[in-house]
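Single-letter residue listing:
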Amino acid sequence: MLDLTKLAVGGVCFVLAFILASLVEYWLHRLMHVSPRIGERHRDHHRRNEGQGVVWEFRDYVQGSCIAMFAMFFVSLEAGMGWFLGSLAYAAFSAYAHQLQHENPTKCFWMKMPVHYVHHKYGMWHHNFGLAVDWWDRVFGTYKPVEWLTEEETSQPERSYLQLRWW
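Residues numbered from 1 in each chain as written. Predicted model: local features only at pLDDT ≥ 70, side-chain atom pairs only at ≥ 80, totals over all residues. Heavy atoms only, no water.

1. Here we look at the side chain of S22
Relative to the helices and strands, S22 is located in helix α1 (residues 4-32). Assessed through its relative accessible area of 1%, S22 is described here as buried. Of the polar contacts made by the side chain of S22, one reaches the side chain of W136; its length is 2.7 Å. In contact with S22, not counting residues within four places along its chain, are Y90, V133, W135 and W136. (Helix = DSSP H or I, 4+ residues; strand = E, 2+ residues; numbered from the N terminus. Buried < 20%, exposed > 50% of the residue type's maximum accessible area, 1.4 Å probe, protein only. Polar contact = N/O pair within 3.5 Å; in protein donor to acceptor, adjacent residues only side chain to side chain. Contact = heavy atoms within 4.5 Å.)

2. Here we look at unusual backbone geometry
The backbone of N49 shows a phi angle near 50°, a positive value even though the residue is not glycine. Structurally, N49 is set in the loop between α2 (40-48) and α3 (54-70). By relative accessible area, which is 37% here, N49 ends up partly exposed. Residue N128 is not a glycine yet carries a positive backbone phi of 55°. Within the fold, N128 resides in the loop between α5 (115-121) and α6 (135-139).

3. Quick word on the packing of α3 against helix α4 (residues 77-103)
Axis separation between α3 and α4 bottoms out at 9 Å; the angle between their running directions is 155°. With respect to each other, α3 and α4 are oriented roughly antiparallel. Our pair here, α3 against α4, has a crossing hand that is right-handed. Touching V54, E57, F58, Y61, V62, A68, M69 and F70 of α3 are W83, F84, S87, L88, A91, A92, S94, A95, Y96, H98 and Q99, all from α4. For the contact of α3 with α4, the per-class residue count stands at 14 nonpolar, 4 polar and 1 charged. (Axes fitted to C-alpha atoms, helices over the stretch in contact; angles between N-to-C directions. Parallel < 35°, antiparallel > 145°, perpendicular 65-115°, else oblique. Left-handed = near helix turned anticlockwise from the far one by under 90°. Nonpolar A, V, L, I, M, F, W, Y, C, P; charged D, E, K, R; others polar.)

4. Some details on the packing of α1 against α4
It is the contact of α1 with α4, at a shortest axis distance of 7 Å, that shows an interaxial angle of 40°. Of the two possible hands of crossing, α1 and α4 adopt the one that is right-handed. Within the contact between the two elements, α1 uses K6, V9, G10, C13, F14, L16, A17, F18, L20, A21, S22 and E25 and α4 uses E78, A79, G82, W83, L85, G86, S87, A89, Y90, F93 and S94. A class-by-class count of the residues in the contact of α1 with α4 yields 14 nonpolar, 6 polar and 3 charged.

5. Concerning the pattern of salt bridges
Summed over the entire model, instances satisfying the criterion amount to 8 salt bridges. A salt bridge links E152 to K121, with the nearest nitrogen and oxygen atoms 3.8 Å apart. Taken together, the residues span a long stretch of sequence, with E152 in helix α7 (residues 151-154) and K121 in helix α5 at a distance of 31 residues. On the basis of relative accessible area, E152 is assigned to the partly exposed category, the value being 45%. Take K121: its relative accessible area is 26%, and that puts it in the partly exposed class. Via salt bridges that share partners, R41, R59 and D60 belong to a single interconnected network. (Salt bridge = Lys/Arg side-chain N within 4 Å of Asp/Glu carboxyl O.)

6. Examining the side chain of H42
Position of H42 among the secondary structure elements: in helix α2. Judged by its relative accessible area of 8%, H42 falls in the buried class. Within polar-contact distance, the side chain of H42 engages the side chain of H33 at 3.0 Å. If we ignore the near neighbours within four places in the chain, the residues touching H42 are H29, M32 and H33.

7. Some points on the confidence of the model for the chain
The predicted model of the chain has a mean per-residue pLDDT of 93, with 99% of residues at 70 or higher. α6 holds the highest mean pLDDT among the elements of the chain, 98, whereas α2 holds the lowest, 81. (pLDDT = per-residue confidence, 0-100.)

As structure tokens, this is what we get:
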């Protein structure tokens, strides 16, 4: 028999992990822009202006958060599963969104403006730090809207949501 309380605990932990992961990603990205030591690899990313592929982005996100992904198992199995799956889901979504914004930003339908694409295109060192979502830029006042959809984007050949670098 399905225990709705356990399912609810897992569901709440999934949602909380997903939201917290997006917040951590936002603040780490901001930190990369102010810390010479932490931001060294990130500055190279800005110079190249390309993602490393969905799989490799995902690997980096999971490696960086591996310990935190398992923390809730100390509370309960249900909390641990929800938290782990929410963290994993956000890592996969963020890796995909990051690569998509570098290669096909017009496909980021869940944001009015693909903030990471704009962050790179206009050299915004102090604005638009979100990778997969723009929530935290709006909350913390770093969202800077621009008219981003120019002929450069509209003249690109039509590609699907899956036509991007995976590795």
